[in-house]
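Here are the chains, one letter per residue:
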Amino acid sequence: MLFNPKKYASDYPCEKSKEMMKKTIDFFERKGKQRIKNDDQWCVWYDDFIQFLKDNKIFATLLTPSKYGDADCRWDTWRNCEMNEILAFYSLSYWYAWQVSILGLGPVWMSKNEEVKKKTAQHLQYGRIFGFGLSEREHGADIYSTDMMLKPKGDGTYLAEGDKYYIGNANQAVVVSTFGKIAGTGEYVFFPVDSHHEKFELVRNVVASQMYVAQYNLHDYPIKEEEILEKGQEAWDASLNTVNVGKFNLGWATIGICTHSFYEAINHASHRILFGKAVTEFSQVKQLFVDSYARLVAMRLFALRAIDYFRSASAEDRRYLLYNPMVKMKVTMQGEEVINLLWDVIAAKGFEKDTYFEMATRHIRALPKLEGTAHVNMALIIKFMANYFFNPGKFPEIPKRNDIADDTFFWEQGATKGLSKIQFHDYKPAYDGYDLPNLNIYKEQIKIFKAFLATATPTPEQQKDIDFLLILGELFTCVVYGQLILENAKITNVDKDLLDQIFDFMVRDFSKYALQLYHKPSSTQMQMELCMKMIRKPAVDEARYERVLKNHVYALKDTYEMNP
Ligand SMILES: Cc1cc2nc3c(=O)[nH]c(=O)nc-3n(C[C@H](O)[C@H](O)[C@H](O)COP(=O)(O)OP(=O)(O)OC[C@H]3O[C@@H](n4cnc5c(N)ncnc54)[C@H](O)[C@@H]3O)c2cc1C
């Protein structure tokens, strides 16, 4: 169920792509854990990695839509997610150079500007990297207030003036897709800048990391009309639609981090003898491992299924707009939980400078906070709740999408409006496909939650209170999370013991959120009564638990150790 570099075996049907993944694994394994950790601690910029990417045309192959590249070039989310997982498995810092290149390329591939697209495809062939200049120091999530200005000179050219903050790769990127406004009209605009240009001032790296997260200023940087990527509504849509593509990767990076951490924790604990027995024999350690493994498998099952919907998206099927923010928000927060659980096992070792784990504990915290905080994503998700529960639509069955295809819809997502009108397929058939003790309890919890929404509907004041809505949203996402996990369990034929173990923690999570909703200052008597009914204990089955522990969790002992 988990990625293991020493047994890399993808079911993706393209040998050349698999070769590329294997080469990437080899690059890191040859570099070894010690050097990766040294470079991390000394914040060394990864020239060796950038050179490796260039020599093997990794970005050119994976990040050029087929129309603009060689035969193997396509934007194929299945294989890109493999790359996400591999890079973060070794270090989020390396993944970040890839991630912000993806973001930087978003406004380019979404643009109608064919010249810039062809030029960018050339840059990719030369092994260059890219950046996405959206954020500003003063404005955070409020991108309406952006104050980077493009001043028209009246002769079809402009001068760009302003500063950007938190911009990855801006120390080297040859195209930084920069978001701003046109002075005078206030129209939004995306334009490319080159970090090597004399009017581009690289101020500093604002973080102490190998990742270069730049502050930069543009001092009357000249831009020609024919260089502009998007203007007006199209520029606005490009900013959000790029993030729709990019934020998916954060969930996959989380899965990579948690997987490597899991191997380290289980190897350490199973070889550590205390009071005459291995640490893995303590009952609380067994529970921590079973929970972290079940959570990690659930993250993977959900994120894999979300790929199927993302790749199948169209103007008529926009369900990805619910599933993508969940990959970003839910999976990344689950990743924090997995690291918390594993840290209680690995304990002091998790601080040691030679471990991957030490780096993971820092990196895992970033993922829920980047590309829109968990709050911002939850505020988005809530808009889908009414249609999801009360107005399902009919859609053709979406198969597993590990086929070789260029995901062209990403660049044609169109207007970012009308979210509350999007429909989803009925969640019940996925839930009714199995009869398992914990799943059955979970179904009862969902029924009560639906009754809560129908009969104890949040008041107009509660609907304006983000603090209240965030917990309501947690309960909603539990339902969607379970649905896609179950859909994928059927596709991948997940062991029923493991599936029921997953719903063991899901019943506990649902209960936890119900209690939090109960505690909200504004919850009404009727809402509180329904919350209490949602609080349930999972079905106890000692034999199932032991089988999961032995057959799945402890079976991973000594199956992976990174080269020193
Ligand atoms: C390591 C790193 C790398 C980054 N890389 C890039 C990059 O390459 N390019 C780029 O453009 N940006 C980048 N960023 C910026 C990042 O995307 C922003 O940090 C993020 O979008 C959130 O902005 P903020 O942290 O300033 O939080 P703020 O926007 O200041 O938010 C503060 C609080 O308000 C809440 N809040 C804000 N808006 C809402 C809302 N609408 N509803 C409810 N609550 C809300 C937030 O949840 C948070 O609790 C990077 C940041 C870091 C730290």
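What you see is a predicted model, and the numbers here were worked out from it, not measured in a lab.

Draft legend 1. Fine view of the state of the cysteines. Counting across every chain of the model gives zero disulfides. Cysteine Cys 14 remains unbridged, with the sulfur of Cys 73 as its closest cysteine sulfur at 12 Å. Cys 14 sits in the buried class, given a relative accessible area of 12%.

Draft legend 2. Spatial organisation of the layout of surface pockets. Reported here for the second largest pocket is a volume of approximately 520 Å³. As for the second largest pocket, its lining consists of 21 residues, of which Ala 9, Ser 10, Asp 11, Arg 300 and Leu 304 are closest to the centre. Sorting the residues of the lining of the second largest pocket by element identifies helix H4 (77–90) and helix H8 (283–311) as the ones contributing at least two each. Looking at the lining of the second largest pocket, the element that brings in the most residues is H4, giving five residues. By residue class, the composition of the lining of the second largest pocket is twelve nonpolar, three polar and six charged.

Draft legend 3. Region of the structure containing the side chain of Asp 317. Mapped onto the elements, Asp 317 comes out in the loop between H8 and helix H9 (320–346). In this structure Asp 317 comes out as buried when scored by relative accessible area, which is 9%. Only 2.7 Å separates the side chain of Asp 317 from the side chain of Arg 319, close enough to count as a polar contact.

Draft legend 4. Structural view of the nonpolar core. Counting 206 residues, the largest nonpolar core has Phe 49, Trp 95, Phe 289, Leu 322, Phe 389, Phe 449 and Phe 476 as its most contacted members. Per-element tally for this core: the top contributor is H8, with 18 residues. The residues touching Trp 95, leaving out its near neighbours within four places in the chain, are Asn 84, Leu 87, Ala 88, Asn 249, Leu 250, Ala 253 and Leu 367.

What counts and what doesn't
- Residues numbered from 1 in each chain as written.
- Predicted model: local features only at pLDDT ≥ 70, side-chain atom pairs only at ≥ 80, totals over all residues.
- Heavy atoms only, no water.
- Disulfide = S-S within 2.5 Å.
- Buried < 20%, exposed > 50% of the residue type's maximum accessible area, 1.4 Å probe, protein only.
- 1 Å grid on protein atoms, 1.4 Å probe; cavity = no way out; pocket = protein on both sides within 12 Å on 5 of 7 lines; lining within 4 Å.
- Points joined across faces, edges and corners; volume = space filled by probe spheres on them.
- Helix = DSSP H or I, 4+ residues; strand = E, 2+ residues; numbered from the N terminus.
- Nonpolar A, V, L, I, M, F, W, Y, C, P; charged D, E, K, R; others polar.
- Polar contact = N/O pair within 3.5 Å; in protein donor to acceptor, adjacent residues only side chain to side chain.
- Core = buried A, V, L, I, M, F, W, Y, C linked by side-chain atoms within 4.5 Å.
- Contact = heavy atoms within 4.5 Å.

Honestly, that's just the spatial picture; any functional story needs more than this.
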